[in-house]
Amino acid sequence: MSALAQRLAEFAARVGSLVGAGPGDARAFCDGLLRAFGWPDLHHAGGQFEPPNRLLLGSTLLLELHPRGTDLARHRAPLFEHWQYHTAHPRYVALCEFTGLELHEFAVQLHEPVDRLAVADLPRDHAALTFLLPEPQPPRFRNDRVAVTRDAAARITAVFDRLVARGVDRDRARRCSLRIVHALFAADLGLLPRTSLESHLHEDAALDPLSADERDLLAHAAAADWSRVQLPVFGALFQAGMDPGRRHAQGAHFTGEADIQRLVLPTLVRPWRERIAAADSPAAWLALHAELTALRVLDPACGSGDILHVAYRELLRLEAELLARLHAELGPVPLPARVSLANLAGIDRDPFAIELARTTLHLADAYARRDPGLSLETSDSRELGLSLETSDTRDPGLSLETSDARELALSLETSDSSVPGDLRRADARHAIGLSRETSARPDLRIADALFTDWPPASVILGNPPFQAKNKMQRAFGPEYLRRLRAAYPQVSGRADYCVYWFRRAHDLLPPGGRAGLVGTNTIRQNESRDGGLGHIVATGSITEAVAAEVWSGDAAVNVSIVSWVKQSEVRGKKYLSWQTGDAAHSPWQTVIVDRIGPALSPDTDVSAATPLRANLVAGCYQGQTVGHDGFLLAPAEARRMLAGAPGDAAVLFPYLGGDDLLGRKDGGPGRCVIDFGERDLPAARAFAAPFARVAAAVLPDRRRAAADELRRNAEVAQGHPRARVNRHHAGFLDRWWQLSWRRGEMLAAIAALTRFIACVRVTRRPIFEFVSPQIRPSDALVVFARDDDYSFGVLQSALHWQWFAARGSTLKRDSRYTSSTVWGAFPWPQAPSAAQVRQIAVAARQLRTIRAAALQQHSLSRRQLYRTLDRPDRTPLRDAHEALDAAVRAAYDLRGDPLGFLLELNRDLAAQEASGAAIVGPGLDALSPSPELRAACTSSDCITPA
């Protein structure tokens, strides 16, 4: 027996005497478990015991203990909500009742444990807990239904791929694959023998006869464990597998149910739970039930139906709770209506997505009706005596156990004319008995939700398509964009695509209606915020939000999730959460606030700050945008050009990028740029080697881009002769030897200085540096035309960084500095004394001195050095930043909330400007300093060319 097995045996023996009667037993269990896995004690493992019964082990484990013999299933949902709202979302969650425990990974598998372990068996059965070891190992779970689902989707995709490879039309192969999926799930439900699977292929004459390989693939698909396949996950993976433009099922992303619950819980479940709890009479319960059965949930971008599936299951749970209360009070009660698939509606542009959603929902209905916790067709519900009979007749669609169940129509057997005819099969003998009567079908429509009527709904849930504003024209075409802008003139052309969905959802909600949507995290920023969330809070209230999350549906996307009600000034606590890192399992923070503003921030909402005229005329610029890598070259190549023609120095310059400034140990330029300035073509040609490089590398691509643009413009002109067309690339071709955006105004401003201030435009850490004007800044940098230490100190301060983070937009998780929203509205100190100005300058120089010494001593880049500030240690660099921050606060005479102070100062200064009064703008010059003060704020250190 290994040492680990021996320790676990000793642990199991000790636990045998514990019954879980109180905090003492729970703590003893936790401490003993961690010791068995090799830790000295709970403290050394980084654990924190939370009386009376919880262990929190950092970002790894949340363990909740209950007395011996407890039914743990009853505690899953409350523990999930505790994990969701009151923890940093440790990756693994466990429930234990001293004889056994069940393990969960809520982020990917919500309703079933990924494994169950008996305490007595731990010496030989602990592979699922190896993450507890001092040197953790990946755990192995026996009930990983996501892995099973991925495997099943991959097997179906293999059948699809084989059919396409032998020449079957792709749409026909998709529908054939969907029929196979129906059959396999139906076989799991006991409604169809697996032996009839092949007949679903034989129905299509084009697929008959099947080859031996196809039969083998079909048998392989049927051999998967379909009883363990997760329907919502399968739908997304299956859709991805059928789409050549998306990743294969084994690598595709899907939306985890924990994320779907971030929409469904606050928007649908919790409001209804509160209403049910507040009702105190059978009459009130009956009224609520009547309202619940009339409720419509709409997903306007329903895809494969995963969100509607989860919403439907929660509707059934709410109904079961109401009916249980009614039965306890009144016994059997005739009910005129029941929750059914008719409570659901969806819209999607993709016909196959609608077919798949219809299939998913009918299968979900079949499984839900067999769930003892939901179904009213089980022996338990009959014992409750809950009558399903109305005064007229019984709904035959509720039962799947009738003798003619196999003759019921399949979900694809629909009167919807949008479904291809060969899917509406006339022979009901081959249909799978899963669907209800026509009146109990979901209302699913093939349409673009932004240009069609929506079914009336009091709850709207969805995950609209992600598309950044800068990529919309390429993705959708100029004609679609023209229609979009014409239909939604209130939304800025600089807003992201999902903003249109937020605005339309709010406009179509009835008073008191609720919505929950997922959007790119830019919905809380600038024009996107103004067109969407700003419009929503004008007549509604955000009740819960996730400000920033790494989306489970796509690893490359950071999202925000917003739930709101179309009602002003809703009282009560509101949860605001955000993820603090870029990894899927990065920790979370949640705060409870009284109000959530359109910026989705727990801090003071500064979105209403006004640009100040004094700032907008002062120098803040974006660096040069070259437009093509052909303008850039390695320093060695530049030196070779200069060796042959020293005069080329007039068009060759060191070029500083963001990664250079933060990632190189010297912070200096790593490339050179060819900049012919405003020279015409003959003058540029005089610089032979640089010109030849640009002509060979840049000119062909600019010709292709202009030709593509001309083709797109011609297509637009055919339908709309007066439509405005783009000449973006045509303009670049007209001056192909010049940089796309040279920033001549910026170059003129810094040419008169001894140095300028720069920071990376998209960053998560405030790092400002002085740079020589001999260096050309790239567009990854923000340039401040200031060379004094006072201006540097204010910009480098935590106060300016807070404003930067609150006012800027983001790229994924990083803040983006914008000249209009950040610099343009930032209020500078209005009346600092000469001594306060000197103190800021001294603190700024001291910070740079300490920073330079640390970079050299430890051979670090600036990015690496500033990561050390993520730790709580006291360091000279931290002390230097705090000294600078104190000096800047003193110059403002700042008290209280920094953002609140700056917002109020911004409003005061904007009012003064509006009245014609002058204000103090950015930098030292705005203070009209004396020669002595200017000298006190002058130094010479900066990044220089190598």
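Our structure is the block above this text.
Rules used throughout
- Residues numbered from 1 in each chain as written.
- Predicted model: local features only at pLDDT ≥ 70, side-chain atom pairs only at ≥ 80, totals over all residues.
- Heavy atoms only, no water.
- Helix = DSSP H or I, 4+ residues; strand = E, 2+ residues; numbered from the N terminus.
- Expected span 1.5 Å × (residues − 1).
- Polar contact = N/O pair within 3.5 Å; in protein donor to acceptor, adjacent residues only side chain to side chain.
- Pairing = 2+ DSSP bridges.
- Axes fitted to C-alpha atoms, helices over the stretch in contact; angles between N-to-C directions.
- Parallel < 35°, antiparallel > 145°, perpendicular 65-115°, else oblique.
- Left-handed = near helix turned anticlockwise from the far one by under 90°.
- Contact = heavy atoms within 4.5 Å.
- Nonpolar A, V, L, I, M, F, W, Y, C, P; charged D, E, K, R; others polar.
- Buried < 20%, exposed > 50% of the residue type's maximum accessible area, 1.4 Å probe, protein only.
- Core = buried A, V, L, I, M, F, W, Y, C linked by side-chain atoms within 4.5 Å.
- Phe/Tyr/Trp six-rings, centres within 6.5 Å; stacked < 30°, edge-to-face > 60°.
- Lys NZ or Arg CZ within 6 Å of the ring centre and 35° of its normal.
- Arc of directions from axis to C-beta.
- Salt bridge = Lys/Arg side-chain N within 4 Å of Asp/Glu carboxyl O.

Asks: Whenever I open this one, helix H4 (residues 145–165) confuses me. Can you help?
Replies: Side chains that are three or four residues apart share a direction in an α-helix, a result of its 3.6 residues per turn. In this model, H4 (21 residues) spans 30 Å end to end at C-alpha, consistent with the 30 Å of a helix rising 1.5 Å per residue. Two or three places before Val146, at the start of H4, stands the capping residue Asp144, its side-chain oxygen 3.2 Å from that residue's backbone nitrogen. Looking one or two places after H4, you find Gly167, whose phi comes out positive at around 100°.

Asks: What exactly am I supposed to notice about unusual backbone geometry here?
Replies: Residues apart from glycine generally show negative phi values, whereas peptide bonds are mostly found in trans. Geometrically, the link from Pro51 to Pro52 is a cis peptide bond, its omega value of 5° lying close to zero. With respect to the helices, strands and loops of the structure, Pro52 is situated in the loop between strand S1 (47–50) and strand S2 (54–57). Here the phi dihedral of Asn526 falls at roughly 50°; this positive angle occurs in a residue that is not glycine. Positive phi is not limited to glycine here, since Arg743 has a value of about 65°. With respect to the element layout, Arg743 can be found in the loop between helix H25 (728–734) and helix H26 (744–751).

Asks: Is there a simple way to think about the sheet that holds strand S23 (residues 776–777) in this case?
Replies: The pairing of strands in a sheet comes from backbone hydrogen bonds and takes either a parallel or an antiparallel form. Spatially, 4 strands are ordered S17-S19-S18-S23 in an open sheet, and the strand pairing comes out mixed. The open sheet has two edge strands with one neighbour each: strand S17 (632–633) and S23. As judged from the 2 bridges shared by strand S18 (residues 652–656) and S23, these two strands associate in the parallel manner. Residue pairing across strands places Tyr655 opposite Arg776, the latter belonging to S23.

Asks: Any chance you could explain the packing of helix H1 (residues 3–15) against helix H2 (residues 23–36) here in plain terms?
Replies: Packed helices, taken two at a time, are described by their axes: the angle between them and the distance between them. Contact pair H1 / H2: the axes reach a minimum separation of 8 Å and the direction vectors enclose 165°. For the element pair H1 / H2, the angle class is roughly antiparallel. The interaxial crossing formed by H1 with H2 has right-handed handedness. Along its contact with H1, which presents Leu4, Arg7, Leu8, Phe11, Arg14 and Val15, the element H2 presents Phe29, Gly32, Leu33, Arg35 and Ala36. In terms of residue class, the contact of H1 with H2 is built from 7 nonpolar, 1 polar and 3 charged.

Asks: Mind showing me how you'd approach the packing of helix H27 (residues 789–796) against helix H32 (residues 876–892) here?
Replies: Contact pair H27 / H32: the axes reach a minimum separation of 9 Å and the direction vectors enclose 100°. Relative to H32, the element H27 is oriented roughly perpendicular. Contacts from Gly793, Val794 and Gln796 in H27 reach His881, Leu884, Val888 and Tyr892 in H32. Along the lines of polarity and charge, the residues of the contact of H27 with H32 split into 4 nonpolar, 3 polar and no charged.

Asks: Help me out: how do you make sense of the pairing of strand S20 (residues 756–760) in this one?
Replies: Across a regular strand the side chains alternate sides, sitting on one face of the sheet and then on the other. In terms of burial, S20 is a largely internal element, 5 of the 5 residues being buried. Burial along S20 is two-sided: the residues Phe756, Ala758 and Val760 and Ile757 and Cys759 are all buried. Inspection of the sheet shows S20 paired to strand S22 (residues 768–771) by 4 bridges, in the antiparallel sense. Residue pairing in the sheet places Phe756 in a bridge with Val771 of S22. Across 4 bridges, S20 lies against strand S24 (residues 781–784) in antiparallel orientation. Bridged to Cys759 within S24 is Val782.

Asks: Please explain the nonpolar core as it appears in this structure.
Replies: Inside soluble globular proteins, nonpolar side chains tend to come together where they are buried. Within the largest apolar cluster, 74 residues are counted, with the highest numbers of intra-cluster contacts made by Phe784, Tyr790, Trp803, Tyr817, Trp823, Ile840 and Tyr892. Per-element tally for this core: the top contributor is helix H30 (residues 834–858), with 9 residues. Excluding anything up to four places from it in sequence, Phe784 contacts Gly619, Cys620, Phe756, Ile757, Cys759, Phe768, Leu795, Tyr817 and Trp823.

Asks: Whenever I open this one, the packing of aromatic side chains confuses me. Can you help?
Replies: Here the distance between the centres and the angle between the planes together describe a pair of aromatic rings. This model, assessed by the stated rule, comprises 33 aromatic pairs. Ring geometry for Phe451 and Tyr480: centres 5.6 Å apart, planes at 85°, overall edge-to-face. A residue pair is termed long-range when its members are at least 10 positions apart, and Phe451 in the loop between strand S9 (443–446) and strand S10 (459–462) and Tyr480 in helix H15 (residues 478–487) qualify at 29 residues. Tyr480 gets classed as buried once you look at its relative accessible area, which sits at 8%. When the ring of Tyr790 is compared with that of Trp828, the centres are 6.4 Å apart and the planes differ by 55°; the resulting orientation is tilted. With Tyr790 in helix H27 and Trp828 in the loop between helix H29 (819–823) and H30, this pair connects stretches of sequence that are 38 residues apart. Each member of the pair Tyr790 and Trp828 is classed as buried. Connected via pairs of aromatic rings, a cluster forms that spans Phe768, Phe784, Tyr790, Trp801, Trp803, Phe804, Tyr817, Trp823, Phe826 and Trp828. Over the face of the ring belonging to Trp272 we find Arg275, whose NZ or CZ atom lies 4.8 Å from the ring centre.

Asks: What exactly am I supposed to notice about the sheet that holds strand S15 (residues 588–593) here?
Replies: The strand order S9-S8-S7-S10-S11-S13-S12-S14-S15 describes an open sheet built from 9 strands, whose pairing is mixed. Two strands lie at the open edges of the sheet, namely S9 and S15, each paired on one side alone. When the angles between neighbouring strand axes are averaged without regard to direction, this sheet yields 15°. Note: strand S12 (residues 541–550) against strand S13 (residues 558–565), 7 bridges, orientation antiparallel. Bridging from a neighbouring strand, Ile542 pairs with Trp564 of S13. The strands touched by helix H11 (residues 306–330) within the sheet are strand S7 (297–299), strand S8 (344–348), S9 and S10, with S7 carrying the most contacts at an inclination of about 170°. In this fold helix H12 (residues 351–369) packs onto S8 and S9, with an angle of close to 165° to the strand it touches most, S9.

Asks: Even after reading the chapter, I still don't get the side chain of Arg338, so can you show me in this structure?
Replies: Along the chain, Arg338 falls in the loop between H11 and S8. Within the local environment of Arg338, its side chain forms a polar contact with the side chain of Glu319, the two groups lying 2.9 Å apart.

Asks: Where do I start with helix H24 (residues 699–719) in this structure?
Replies: Over its 21 residues, H24 runs 31 Å from end to end, which matches the ideal 30 Å to within 8%, given 1.5 Å per residue. Among all positions in H24, only Leu699, Arg702, Ala706, Glu709, Asn713 and Val716 are buried. Taken down its axis, H24 places every buried residue within 105° of arc, on the same side. The exposed set on the far side of H24, more than 90 degrees from its buried face, consists of Arg703, Gln718 and Gly719. Packing partners of the buried residues in H24 comprise H15, helix H23 (688–697) and H25.

Asks: How should the environment of Thr821 be read in this particular structure?
Replies: As for its placement among the helices and strands, Thr821 is situated in helix H29. Along the chain, Thr821 and Gln525 lie 296 residues apart, while their C-alpha atoms are 9.9 Å from each other. Look past the residues within four positions of Thr821 in its chain and what remains in contact with it is Asn526, Trp803, Arg807 and Gly808.

Asks: Could you clarify how one ought to interpret the pattern of salt bridges in this entry?
Replies: When their charged atoms lie close together, side chains carrying opposite charge are able to pair. On inspection of all chains with the given rule, the structure shows 45 salt bridges. Of the charged contacts in the structure, one is a salt bridge between Glu64 and Arg54, with a shortest N-O distance of 2.8 Å. Placement of Glu64 in strand S3 (residues 61–65) and of Arg54 in strand S2 is noted, with a sequence separation of 10 residues between them. With relative accessibility at 6%, the residue Glu64 sits in the buried group. With a closest N to O distance of 3.3 Å, Glu527 and Arg494 form a salt bridge. Within this pair, whereas Glu527 is found in helix H17 (residues 526–531), its partner Arg494 is found in the loop between H15 and helix H16 (498–508), the two being separated by 33 residues in sequence. Overall, the relative accessible area of 29% leaves Glu527 in the partly exposed class. Looking at Arg494, the relative accessible area reads 51%, which means it is exposed. Within the structure, one salt-bridge network assembled from shared partners comprises Arg755, Asp789, Arg845, Arg848 and Asp941.

Without other data, these values stay purely geometric and don't point to any function.
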